[in-house]
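Below, each chain spelled out in residue letters.
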Amino acid sequence: MKILNQEETKRIADKVMSLSKADECVVTINGSRTGNIRYARNAVSTAGLVENTQLAVSVAFGKKQGTSVINEFDDKSLAKAVQRAEELAKLAPENPEFMPTPDKQAFKSSDTFSKSTDAINPEYRAQVAAYSIEACRKKGLVAAGFFTDQSSYETVANSRGVFGHQSQTGIDFTCTVRTEDGRGSGWVRRDAQDVARFDPRAAAEVAMEKAIRSAEAKALEPGRYTVILEPAATSDLLAYMFNSFDARSADEGRSFLAKKGGGNRMGEKLFDEQVNVWADPWDKDIPVLPWDNQTLLARERMDIIKNGKIASMNYSPFWGKKQGQRAIGAPGNILMSGGSKSTEELIASTKKGILVTRTWYIRMVDPQTVLLTGLTRDGTFYIENGKIKHPVKNFRFNESPVSMLNNIEELGRPEVLAGDESQFQLLIPAMKVRDFNFTSLSDAV
Amino acid sequence: MERRAFLNMSGGAMAAMMMPFGRAIAADELIKPVEVKFKKMLADTAMTAATQAGASYCDVRIGRYLNQFITTRDLNIENVTNTESAGVGVRVIANGAYGFAATSDMSPDGVAGAARQAVAIAKANSKLQALGVALAPTPGVGEVSWATPIKKDWRTVPIKEKADLLITANKGALESGASFIQSLLFQVNQQKYFASTDGSYIDQDLHRLWVPFFATAVDKGTGKFRSRSDLGTPVGMGYEYLDGRKEDKIKAAGGVATLYNRSYDLIEDAKAAGRQAKEKLTAKSVEPGKYDLVLSPEHMWLTIHESVGHPTELDRVLGYEANFAGTSFATLDKQQSKKFKYGSDLVNIEADKTIPGSLGAVGYDDEGVKCKHWDLIKDGILVNYQATRDQVAVIGEKESHGCSYADSWSNVQFQRMPNVSLKAGKKKITPDELVKDVKKGIYIVGAGSFSIDQQRYNFQFGGQMFYEIKDGKIGQMLEDVAYQSNTQEFWNACTAMCDERDWRMGGSFFDGKGQPMQVSAVSHGSSTTRFNGINVINTARKIG
């Protein structure tokens, strides 16, 4: 199905709401065109284009709610979708925590669409793959990678007059380069809303250089080290922590933000004062939709951590009402302030330390302290007297991002990045951190 | 990569769309299947179009995926959603390259169009292809069908009955010590039709079910909180799994818990979870060091999954997953040497897609290959891998293992893990007898935190409940336990296991792999097993 414009989706949303006899009705329409190319062993393995449009109708009779999702848009199908949602609502038990959908509000649009990304074609994708494949073939290296681009839109509407429609684009590129003997491995990730900001050749070079430099790794004793964490080494750690900024979990005593004896740790200084984190739907580098599509509440620019202190937590409409706090749209991006230094400059000012390209398979060990475990991967190096001395074997770490953000020595220049398993768009700096806890060695390359 | 993000799913329209499940439909429409005659006509149309466009091979998968999920929080039902996703995926080989296209337009014109698009993509891809794709032969089986053997169809159980069961269980947990509980009921029906130019027309009806919960106890005074998850497992069964039959209950070693085999008593387990979550708040923090570990099957499945299941996937071994999931330490030279000691002599690990009640059991895989079982590790030696039709030639075999799977009609099928299980010991040993000669050990029940490197050497696992073993006796509960090891060292430290009376399966609904990522459901069986001298760390920390 073709990408629909605002007039078309408004007509559909109005039609759906006019068909519903429920006390309230919420309509969400999502359409996307996603292209991808995947390669491994220096050859393309799969390529595809998926177009998808879905309409979700959520209705409520009193505190009983039902939802249905369809991908057909003729009048008969729309009527069927409303009927199905209403049937489910009637079958569902009453939810005492049900909250009505918000009243009419204005959404200030953000600049989430780029024409150049929208215009990506199969030839462009093939060229992205070809840059790394051909360069690797020439140097006796082996490339595996994935490039994906998306052009999409979202429409939200409810029976109280809320309406929003916005288009968005984005690309994500990852490439792993390995030496033929499997003793070296390098990796790169690039994310952008506007593909004009993406240089596939330069990106491939980064992965190739790391692959070559990471061969002949030496084993260092596990222990606490000063580390320089590139943004891809902290993205998933930070995302885990920001997933725990839910006020309800904290107030209920089941989060690291819970206060001993009851309540939460709002306003407390938990991190080094260099730590400043905020969300901003209108940020020029990582703009996101100006609404939260789970609640239909408008997003706002909000400080999350200010000079190391907890500046805000997320309130659901139910919990906000119960606690007398204003619920606002949950953030879609996370920005962290940094300095002006490049990673090379951070290395130059380091006497002894370890450079980490990336971390992998991160899982929660203890939510009480946000203790996470995971491993370094695809480029881990020993630094001595301001220079990379030699590659080192990968480490497993057991570390909490809370401790990590307390032990900051210096911050580098922020970069745009998506995490492996994070739902946030991120703009985060490289960090020099002391006492990072590596607990064992891994033979993996 | 085993995913757990679904636990964040709650109410609302967007949550329903984000489930890997598709569009919602009313309960009364779930039962009617699409007619086989119609599916055969669509498949023939697609195959004819593909062949005419120049394909040398074509397979067509017509899928209708029906699901229902119910989410709860404490005494409230948060959401009830019925979903349906239906469509057709066409895979072809043309000019020696794969092409794939999918459509939700289930008309003859729609599927013929997808078939021609798949051929065009294959021809475009062939320009960048070094070697042509060759499929190991598999016999055409004509028109056949297969269905998961179920006794109670979840689609016919009233929503109220299910909601009542969940809320009763939640109430039990809250009354016995939990401060909070979230529970979910996942119910899956996949109606899959496969046809190929080899002459197969296979109609399958698959059922799966899972009831995970997460009970948390909070001590506001100390600020401490601890959780205990369910000890049930996702299964390839009907609603009868929730019958909780007496004969399916097992006493854990030392009588510390009730465990479950072919059916599950949700209410009883939730009550125990409330009690045990509370007990964890005051349990003794573990002294780090070397311990003999006695691992229950409820824990073992995840260790098997990560340290044997993934490293023996042939696509990983060959490098096709290098950019995301990773490669494998279990390289071809190790398998070809016939001497690589993956584990001790006791370790026999089998791949099996035929075990009744398991998540991986199907009649035929997504390439039309009849399912079977085969050895991966025999008497401790790495002997084989998991392979699909385009891979088996690499390991000198002529017949696919039947490991092809796609999680939806809209995704292309690729190599996915079958059930991979540790065989029970031949010597008659009960869990209590297994503990008897352990001087300093830990008994671990249930799966917890998990992480492993991209070549599957170094891993770290937690658990649900930990009990000290001292001089052959199970003692007090421990906390803050995780063990770290290396796959080969760990499996070579396997010193004993219980016999088949104690053998049972655990599993996952959400094993993730590939780019774009697809999820797959898989089971892993074992009996209670002992590993000597494993490194245990203490995970307690202090922050701010």
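Keep in mind it's a predicted model, so treat the numbers as computed, not measured.

Asks: Any chance you could break down the overall build of chain A for me, citing the residues and the numbers?
Replies: The secondary structure content of chain A amounts to 10 helices and 21 strands. For 445 residues, the compact-globule formula gives about 22 Å, and the C-alpha radius of gyration of chain A, at 24 Å, lands near that figure. Over its C-alpha atoms, taken along the principal directions, chain A stretches across nearly 70 × 60 × 35 Å. The buried share of chain A, reckoned over its 445 residues, is 56%. When contacts within chain A are restricted to residue pairs at least 6 apart in sequence, long-range pairs at least 24 apart make up 74% of them.

Asks: Describe the overall build of chain B, with residues and values.
Replies: When its secondary structure is counted, chain B shows 10 helices and 28 strands. A compact globule built from 544 residues should have a C-alpha radius of gyration of about 24 Å, and chain B, at 24 Å, falls within 12% of that. For chain B, the spread of C-alpha atoms along the three principal axes comes to 70 × 60 × 50 Å. With 544 residues in all, chain B has 60% of them scored as buried. Taking all contacts inside chain B whose residues are at least 6 apart in sequence as the whole, residues at least 24 apart take part in 75%.

Asks: Account for the interface of chain A and chain B, naming residues and giving values.
Replies: Taken together, the 78 residues of chain A in the interface contact 63 residues of chain B. Among the elements that make up the side of chain A that touches chain B, the one with the highest residue count is strand S2 (residues 43-61) of chain A (10 residues).

Asks: Which residues make up the domain arrangement of chain B, and what values do they have?
Replies: The parts lose accessible area when they come together, and the size of an interface is often stated as this lost area. All names here are of chain B. When cut into domains, chain B gives domain 1 (5-209) and domain 2 (289-538). Summarising the inter-unit geometry, the C-alpha centres of domain 1 and domain 2 are found 26 Å apart. Of the residues lining the interface, 30 residues belong to domain 1; the matching set on domain 2 comes to 27 residues. For the side of domain 1 that touches domain 2, the secondary-structure elements that each account for two or more residues are strand S1 (57-73), strand S2 (76-94), strand S3 (97-103), strand S5 (180-196) and strand S6 (200-210). Looking at the side of domain 1 that touches domain 2 residue by residue, the class counts come to 17 nonpolar, eight polar and five charged.

Asks: Could you give an account of the sheet that holds strand S14 (residues 373-378) of chain B, with specific residues and numbers?
Replies: Residues and elements named next belong to chain B. Taken in spatial order, the four strands line up as S15-S14-S13-S18 in an open sheet, and their pairing is antiparallel. Looking at the sheet topology across the chains shown, the edges are occupied by strand S15 (381-382) and strand S18 (419-422). As paired strands, strand S13 (residues 349-352) and S18 are joined by four bridges and run antiparallel to one another. Across the sheet, alanine 351 pairs through a bridge with valine 420, a residue of S18. Taken strand by strand, helix H6 (residues 297-309) contacts S13, S14 and S18, and its axis lies near 110° from that of S18.

Asks: Help me get a handle on the packing of helix H4 (residues 122-139) of chain A against helix H5 (residues 200-214) of chain A, residues and values and all.
Replies: Residues and elements named next belong to chain A. At their nearest, the axes of H4 and H5 sit 9 Å apart, and the two run at 40° to each other. By the angle between their directions, the pair H4 and H5 is classed as oblique. Relative to H5, H4 is oriented so that their crossing is right-handed. Residues Val128, Tyr131, Ser132, Ala135, Cys136 and Lys139 of H4 pack against Pro200, Arg201, Ala204 and Met208 of H5. Tallied by class, the residues present in the contact of H4 with H5 amount to seven nonpolar, one polar and two charged.

Asks: Could you give an account of the nonpolar core, naming the residues involved and the relevant values?
Replies: Soluble globular proteins: nonpolar side chains tend toward being buried together. Residues and elements named next belong to chain B. The biggest cluster of nonpolar side chains holds 284 residues, and the ones touching the most others in it are Ala46, Ala50, Val90, Val92, Ala115, Ala118 and Ile442. Top element by residues in this core is S5. It accounts for nine residues. Filtering out sequence-adjacent residues up to four positions away, alanine 46 remains in contact with Cys58, Val60, Val88, Val90, Val111, Ala112, Ala114 and Ala115.

Asks: So what's going on with the pairing of strand S6 (residues 185-192) of chain A? Residues and values would help.
Replies: Residues and elements named next belong to chain A. Extensive coverage of S6 is indicated by the burial of eight of its eight residues. Side chains Ser185, Trp187, Arg189 and Asp191 project from S6 onto one buried face, and the interleaved Gly186, Val188, Arg190 and Ala192 project onto a second face that is buried too. Between strand S5 (residues 163-179) and S6, which pair antiparallel and follow one another directly, the connecting turn spans five residues, one of which, glycine 182, has a positive phi of 75°.

Asks: Kindly report on the sheet that holds S5 of chain A, identifying the contributing residues and their values.
Replies: All names here are of chain A. Across the sheet, six strands lie side by side as S3-S2-S1-S4-S5-S6; this open sheet has antiparallel pairing. Edge positions in the sheet fall to strand S3 (64-70) and S6, since each has one partner strand and no second. Mean inter-strand twist for the sheet, computed between neighbouring axes without regard to direction, equals 15°. With seven bridges connecting them, S2 and S3 associate as antiparallel partners.

Asks: Describe helix H5 (residues 266-280) of chain B, and please don't skip the residues or the numbers.
Replies: Note: α-helices contain 3.6 residues per turn, so residues at a spacing of three or four share the same orientation. With 15 residues, H5 of chain B extends 20 Å from end C-alpha to end C-alpha; this agrees with the ideal 21 Å at 1.5 Å per step. Listing the buried residues of H5 of chain B in full gives Leu266, Asp269, Ala270, Lys271, Ala272, Ala273, Gly274, Gln276, Ala277, Lys278 and Lys280 of chain B.

Asks: Please give an account of the domain arrangement of chain A that cites residues and values.
Replies: Residue and element names in this part refer to chain A. Parsing chain A into structural domains produces domain 1 (6-212) and domain 2 (216-445). Here the C-alpha centroids of domain 1 and domain 2 sit 25 Å apart. On the side of domain 2, 23 residues touch domain 1, which itself brings 33 residues to the contact. When residues of the side of domain 1 that touches domain 2 are traced back to their parent elements, those giving at least two are strand S1 (24-40), strand S4 (141-158), S5 and S6. With six residues, S6 is the single largest residue contributor to the side of domain 1 that touches domain 2. Taken together, the residues of the side of domain 1 that touches domain 2 break down into eight nonpolar, 16 polar and nine charged.

Asks: Can you lay out unusual backbone geometry for me, pointing to particular residues and giving the numbers?
Replies: Here the amide bond leading from glutamine 515 of chain B into proline 516 of chain B is cis, since omega sits at -5°, within 30 degrees of zero. Tracing the sequence through the fold places proline 516 of chain B in the loop between strand S26 (504-513) and strand S27 (518-526). Its identity as a non-glycine residue notwithstanding, aspartate 435 of chain A has a phi of 60°, on the positive side. Tracing the sequence through the fold places aspartate 435 of chain A in strand S21 (residues 425-441). You will see that asparagine 95 of chain B, though not glycine, has its phi angle at about 50°, which is positive. If you trace the backbone, asparagine 95 of chain B turns up in the loop between S2 and S3.

Asks: Which residues make up the confidence of the model for chain B, and what values do they have?
Replies: Confidence in the prediction for chain B averages 92 pLDDT; 94% of positions are at 70 or higher. Interface predicted TM-score (ipTM) for the complex: 0.94; the corresponding pTM is 0.95.

Asks: Explain the packing of helix H1 (residues 6-19) of chain A against helix H2 (residues 75-91) of chain A to me, and be specific about the residues and the numbers.
Replies: Residues and elements named next belong to chain A. The contact between H1 and H2 brings their axes to 9 Å, and the two run at 50°. On the basis of the axis angle, H1 is oblique to H2. Here H1 and H2 pass one another in a crossing that is right-handed. Contact with H1, carried on its side by Ile12, Lys15, Val16 and Leu19, involves Leu78, Ala79, Ala81 and Val82 of H2 and no other residues of that element. Here the contact of H1 with H2 is built from residues that sort into seven nonpolar, no polar and one charged.

Asks: Lay out helix H2 (residues 36-53) of chain B with the relevant residues and their values.
Replies: Residue and element names in this part refer to chain B. The first and last C-alpha atoms of H2 sit 26 Å apart over 18 residues, in line with the 26 Å expected at 1.5 Å per residue. Listed as buried for H2 are Lys39, Leu42, Ala43, Ala46, Met47, Ala49, Ala50 and Ala53. Axial view of H2: buried residues confined to an arc of 160°, hence all on one face. Exposed residues pointing more than 90 degrees away from the buried face of H2 are listed as Lys37 and Gln52. Next to the buried residues of H2 lie S1, S2, helix H3 (108-126), S5 and S6. In the segment just after H2, glycine 54 is the residue with positive phi, at about 115°.

Asks: Break down the environment of alanine 232 of chain A for me, citing the residues and quoting the values.
Replies: Residues and elements named next belong to chain A. In this fold, alanine 232 is placed in helix H6 (residues 231-242). What makes alanine 232 buried here is the crowd of 27 C-beta atoms within 10 Å. In sequence terms alanine 232 and phenylalanine 318 are 86 residues apart; their C-alpha atoms lie 35 Å from each other. Apart from residues no more than four positions distant in its own chain, alanine 232 is found in contact with Arg189, Thr357, Arg358 and Leu417.

Asks: Explain the environment of aspartate 379 of chain B residue by residue, including any values.
Replies: Residues and elements named next belong to chain B. Structurally, the position occupied by aspartate 379 is in the loop between S14 and S15. For aspartate 379, a count of 13 C-beta atoms within 10 Å corresponds to the partly exposed category. Sequence separation between aspartate 379 and arginine 316 is 63 residues, and the spatial gap between their C-alpha atoms is 24 Å. Discounting residues that sit within four places of it in the chain, aspartate 379 has contacts with Asp345 and Asn348.

Asks: Describe the pairing of S4 of chain A, and please don't skip the residues or the numbers.
Replies: Residues and elements named next belong to chain A. Counting buried residues in S4 gives 16 out of 18 residues, a clear majority hidden from the surface. Note: S1 against S4, 14 bridges, orientation antiparallel. Note that in S4 the partner of threonine 34 across the bridge is glutamine 150. The sheet contact formed by S4 and S5 spans 17 bridges and is antiparallel. What sits directly across from threonine 148, in S5, is aspartate 172. Two successive antiparallel strands, S4 and S5, enclose a turn made up of four residues, where glycine 161 displays a positive phi of approximately 100°.

Conventions we followed
- Residues numbered from 1 in each chain as written.
- Chains lettered and ligands numbered in written order.
- Predicted model: local features only at pLDDT ≥ 70, side-chain atom pairs only at ≥ 80, totals over all residues.
- Helix = DSSP H or I, 4+ residues; strand = E, 2+ residues; numbered from the N terminus.
- Rg over C-alpha atoms; globule rule 2.2 N^0.38 Å.
- Buried ≥ 20, exposed ≤ 12 C-beta atoms within 10 Å, placed from the backbone.
- Contact = placed C-beta atoms within 7 Å.
- Domains from an automatic or database assignment.
- Nonpolar A, V, L, I, M, F, W, Y, C, P; charged D, E, K, R; others polar.
- Pairing = 2+ DSSP bridges.
- Axes fitted to C-alpha atoms, helices over the stretch in contact; angles between N-to-C directions.
- Parallel < 35°, antiparallel > 145°, perpendicular 65-115°, else oblique.
- Left-handed = near helix turned anticlockwise from the far one by under 90°.
- Core = buried A, V, L, I, M, F, W, Y, C linked by C-beta atoms within 7 Å.
- Expected span 1.5 Å × (residues − 1).
- pLDDT = per-residue confidence, 0-100.
- Arc of directions from axis to C-beta.

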